[in-house]
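Overview (structure and organization)
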Amino acid sequence: MALLKVKFNQKKRVKLAQGLWLMNWFSVFAGILVFSMGLFLKIELRKRSEVMDNSESHFVPNSLILVGILSCAFNGFAGKICYDSLDPAKFPKWKPLLKPYLALCCVFNILIFFVALMCFLMRGSLDSTLAQGLKNGMKFYRDTDTPGRCFMKKTIDMLQIEFKCCGNNGYKDWFEIQWISNRYLDFSSKEVKDRIKSNVDGRYLVDGVPFSCCNPSSPRPCIQYQVTNNSAHYSYDHQTEELNLWRRGCREALLNYYSGMMSSMGAVILLVWLFEMSVMVGLRLLHTSLESIANPEDPECESEGWILENSLKDTFKSALENLKKLGKFNQVEAGAEGAEGEEGGKTPAITTVS
């Protein structure tokens, strides 16, 4: 028994073709939307590429761009088929292409669903990318005179100001690196010498943070040096001064920003996927209803359309049997080739007459 069998007359077939034509053009606009989302996400990721460890994060935007282009191409082609199906003289030329086209549509819809899932699941890989990238970026914060790294200070400062964050996981991350360039240190000062000597790596470490970590909402002037030294500042306790510095790390801030963006895009992609599935089902019904017309010379006669010619169970069994036959056929071919190789490999005996 066919799956989702529907009876059609000429009026219903025309309405289905017209509705599919309209839906396909809506899908083209949806493809443009998906392409635009991918392009926007790619630009947003490139803006902060200096604080990302690798380019794996560009897999999702590249996939969105590809899906958008393919959606425009597939649905534009399907729209042409639906338009020509209204004309009995034009439709026959598309008949041989419909089955391969529908198979490609199935693959394309699987791709759309996979990309939608990737939008929701990318948080893990993005987390590790940002953690390592921010760590490296903070190390290069002081290299304002080094070619290729002179922009890093500005990048980190703008990032901390824009996202109201400080450090990688928090402001204490700045205590573990030398973020002040040697150019601005007085090496004749005893304090500077003592700090450098006290560190195994010879770095100048302080319990201070860059100015961009300061919270402008703080009621007192920002304390960015000797942050943990309560006695160095009047009426100060660094454990309770929550408004003085941004407490949230930039990794968390960026991760929430990109995750929220990609979750919204994933929801849109799922809606596009559902729409594309409905278009594919409608196109399959139109294809089978036109093929099952008993008398092609009488376009007004009734016909039947279906999704699968047999039930889902029978179709699955048939597919398994075909796969088994294909496997046996390959085994027979491999065995025949092996036998030929053995026969060809035999060396004829040579008799020497003396």
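On a predicted model such as this, the values are computed, not experimentally measured, just so you know.

Taken together, the side chains of W21, L22, W25, F26, F29, I32, Y83 and L86 present a nonpolar region at the surface, about 830 Å² in accessible area. Among the elements that line the nonpolar patch, the one with the most residues is helix α1 (residues 10-47), at six residues. You can call L22 partly exposed: its relative accessible area is 45%.

Turning next to the UniProt feature "transmembrane region" (unreviewed entry) in the protein. The positions that UniProt labels "transmembrane region" (unreviewed entry) are, in the present scheme, residues 20-41, 101-122 and 255-275. From the first C-alpha to the last, residues 20-41 spans 31 Å; its make-up is 100% helix and 0% strand. Between the end C-alpha atoms of residues 101-122 the distance is 31 Å, and the span holds 95% helix and 0% strand.

Turning to empty space enclosed by the protein, a few remarks are in order. For the structure on display, the rule yields two cavities of 30 Å³ or more. Lining the largest cavity, in full, are N24, F74, N75, A78, Y101, C105, F108, N109, E276, V279, M280 and L283. Among the residues forming the lining of the largest cavity, the class breakdown is eight nonpolar, three polar and one charged.

On to the confidence of the model for the protein. Per-residue pLDDT for the protein has a mean of 82; in total, 81% of the residues score no lower than 70. Mean pLDDT per element in the protein: helix α8 (residues 312-345) is the minimum at 60, and helix α5 (residues 152-163) is the maximum at 93. Confidence over residues 347-354 falls short of pLDDT 50; this stretch has zero contacts with residues more than four positions distant or in other chains.

Right, let's talk about unusual backbone geometry for a bit. Backbone geometry at K164 places phi at a positive 50°, although glycine is not the residue there. As for its placement among the helices and strands, K164 is situated in the loop between α5 and α6 (190-197). The residue Q226 is not glycine, and still its phi comes out positive at about 50°. As for its placement among the helices and strands, Q226 is situated in the loop between α6 and α7 (250-291).

The rules behind these values
- Residues numbered from 1 in each chain as written.
- Predicted model: local features only at pLDDT ≥ 70, side-chain atom pairs only at ≥ 80, totals over all residues.
- Heavy atoms only, no water.
- Patch = residues over 30% accessible without salt bridge, like charges linked within 9 Å, V, L, I, M, F, W, Y side chains within 5 Å.
- Areas by Shrake-Rupley, 256 points an atom, 1.4 Å probe, with all protein chains shown as cover.
- Salt bridge = Lys/Arg side-chain N within 4 Å of Asp/Glu carboxyl O.
- Helix = DSSP H or I, 4+ residues; strand = E, 2+ residues; numbered from the N terminus.
- Buried < 20%, exposed > 50% of the residue type's maximum accessible area, 1.4 Å probe, protein only.
- UniProt positions renumbered as here; feature names shortened; annotations may be inferred.
- 1 Å grid on protein atoms, 1.4 Å probe; cavity = no way out; pocket = protein on both sides within 12 Å on 5 of 7 lines; lining within 4 Å.
- Points joined across faces, edges and corners; volume = space filled by probe spheres on them.
- Nonpolar A, V, L, I, M, F, W, Y, C, P; charged D, E, K, R; others polar.
- pLDDT = per-residue confidence, 0-100.
- Contact = heavy atoms within 4.5 Å.

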